Amino acid sequence: MSRIVEVRGLCYAWEDGTEALRGIDFNLDAGQTVALLGPNGSGKTTFALHLNGLLQPSAGSVLIDGVAVRGKHLAAIRRKVGLVFQDSDNQLFMPTVLEDVAFAPLSAGLSPEQATDKAIAALRQVGMESKSGKAPWHLSSGEKKRVAIAGILASDPLLLVLDEPTTFLDPPGQRSLATLLAGLPQAKILITHDMPFARSLAAEAVFFQEGSITARGSLEQIVTQFDW
Ligand SMILES: Nc1ncnc2c1ncn2[C@@H]1O[C@H](COP(=O)(O)OP(=O)(O)O)[C@@H](O)[C@H]1O
Ligand SMILES: [Mg+2]
């Protein structure tokens, strides 16, 4: 089984001195899905931002597919690790859905034709090809989330990291997102407070408290242990 994520002793302090991560050890293998649970402010988002180098550790290391997340590796790592932000409005920025999804493959050096082919294939995977000519900001929250996921799939990632993906979705939208994700082969890290959603995708969970991972085990074991 190949190791996709290997985090050792990760510490991070924000500029104002907030110690958001205090020595995180974490690993994830190909095809695994794990839920990140824990109270608001416990460091889950800060952790996620290290997985593709949007933040750099104050101490410790992050390896993706065996490669350190820094310096000259960053562009390649950002293609391997797709981060889906909580609010899709922070993720979608091109005039049309198709251009948005084609943006990453174009930036990676594919020709416009190849990038468009990649984008169409990714939009098909998330059931959004019929919306390819629309402006992203005219879509519903669930549709925006799908387009954000397509934008990541267009780079053929190894890992999907989703930060509270069901927050702005209605119950049918939450279920259909779970169905979509269940059909994707990538390893997944799901940050969520939505237990039906977590249960439908992840057998395993870790629990964050005050910048540390205080437990890892089956989702049900963690839920029981922390009365979550
Ligand atoms: N941009 C920031 N500047 C300073 N402190 C921050 C910033 N973002 C988050 N924090 C702090 O870092 C800690 C962890 O936050 P976060 O990673 O967002 O937690 P979670 O995602 O688990 O709710 C909190 O104390 C939070 O206030
Ligand atoms: Mg968060």
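In the block above lies the structure referred to throughout.
Residues numbered from 1 in each chain as written. Chains lettered and ligands numbered in written order. Predicted model: local features only at pLDDT ≥ 70, side-chain atom pairs only at ≥ 80, totals over all residues.

## A few points about the overall build of the chain
The helix and strand tally for the chain stands at 8 helices and 10 strands. What you see for the chain is a C-alpha radius of gyration of 17 Å, in line with the 17 Å of a compact globule of 228 residues. Counting only C-alpha atoms, the chain reaches 45 × 40 × 40 Å along its principal axes. Taking all 228 residues of the chain together, 43% fall into the buried category. Considering only residue pairs separated by 6 or more positions, the chain has 63% of its internal contacts joining residues 24 or more positions apart. (Helix = DSSP H or I, 4+ residues; strand = E, 2+ residues; numbered from the N terminus. Rg over C-alpha atoms; globule rule 2.2 N^0.38 Å. Buried ≥ 20, exposed ≤ 12 C-beta atoms within 10 Å, placed from the backbone. Contact = placed C-beta atoms within 7 Å.)

## A look at the packing of helix α3 (residues 97-107) against helix α5 (residues 141-153)
It is at 7 Å that the axes of α3 and α5 come closest, and there the two elements cross at 30 degrees. Regarding α3 and α5, the two cross each other, and that crossing is right-handed. Taken together, the residues of α5 that come into contact with α3 (itself represented by Val 97, Asp 100, Val 101, Phe 103 and Ala 104) are Val 147, Ala 150 and Gly 151. (Axes fitted to C-alpha atoms, helices over the stretch in contact; angles between N-to-C directions. Left-handed = near helix turned anticlockwise from the far one by under 90°.)

## Details of the site of ligand 1
Around ligand 1, the surrounding shell holds 13 residues, and the nearest of these are Trp 14, Ala 20, Lys 44, Thr 45 and Thr 46. By residue number, the principal contributor to the shell around ligand 1 is helix α1 (residues 44-51), which donates 3 residues. Tallied by class, the residues present in the shell around ligand 1 amount to 3 nonpolar, 8 polar and 2 charged. (Near = placed C-beta within 6 Å. Nonpolar A, V, L, I, M, F, W, Y, C, P; charged D, E, K, R; others polar.)

## Some thoughts on the environment of Gln 91
Within the fold, Gln 91 resides in the loop between β6 (81-84) and α3. In sequence terms Gln 91 and Ile 149 are 58 residues apart; their C-alpha atoms lie 9.9 Å from each other.

## Let's talk about the sheet that holds strand β7 (residues 159-163)
Strand order in the open sheet made by the 6 strands is β6-β7-β8-β3-β9-β10, with mixed pairing throughout. Single-partner strands in this sheet number two, and they are β6 and β10 (212-218). Recorded for the sheet is a direction-independent mean angle of 15 degrees between the axes of neighbouring strands. In this fold α1 packs onto β3 (33-37), β6, β7, β8 (187-191) and β9 (204-209), with an angle of close to 150 degrees to the strand it touches most, β7. (Pairing = 2+ DSSP bridges.)

## Side note on the nonpolar core
Counting residues in hydrophobic clusters, the biggest one holds 65 residues, and the most contacted among them are Ala 35, Leu 36, Val 101, Ala 150, Leu 159, Val 161 and Ala 205. Element by element, the count of residues in this core is highest for α5, at 6 residues. Setting aside its immediate chain neighbours within four residues, Ala 35 contacts Leu 190, Thr 192, Ala 198, Ala 202, Ala 205 and Leu 219. (Core = buried A, V, L, I, M, F, W, Y, C linked by C-beta atoms within 7 Å.)

## A closer look at helix α6 (residues 171-182)
For α6, spanning 12 residues, the distance from its first C-alpha to its last is 17 Å, which sits close to the expected 16 Å at 1.5 Å a residue. Of the positions making up α6, those classed as buried are Gln 174, Leu 177, Ala 178 and Leu 181. Buried residues along α6 cover an arc of 100 degrees about the axis, so they all sit on one side. The exposed residues of α6 that point more than 90 degrees off its buried face are Pro 172 and Thr 179. In the core, the buried residues of α6 are packed alongside α5, β8 and α7 (195-201). (Expected span 1.5 Å × (residues − 1). Arc of directions from axis to C-beta.)

## So, the environment of Ala 35
Of note, Ala 35 is situated in strand β3. Along the sequence, Ala 35 and Ala 76 sit 41 residues apart, while their C-alpha atoms lie 25 Å from each other.

## Section: the pairing of strand β2 (residues 19-29)
Strand direction decides the pairing type here: strand β1 (residues 3-13) and β2, joined by 8 bridges, are antiparallel. Note on β2: the bridge partner recorded for Tyr 12 is Leu 21. Between the antiparallel neighbours β1 and β2 lie 5 residues, among them Gly 17 with a positive phi of about 95 degrees.

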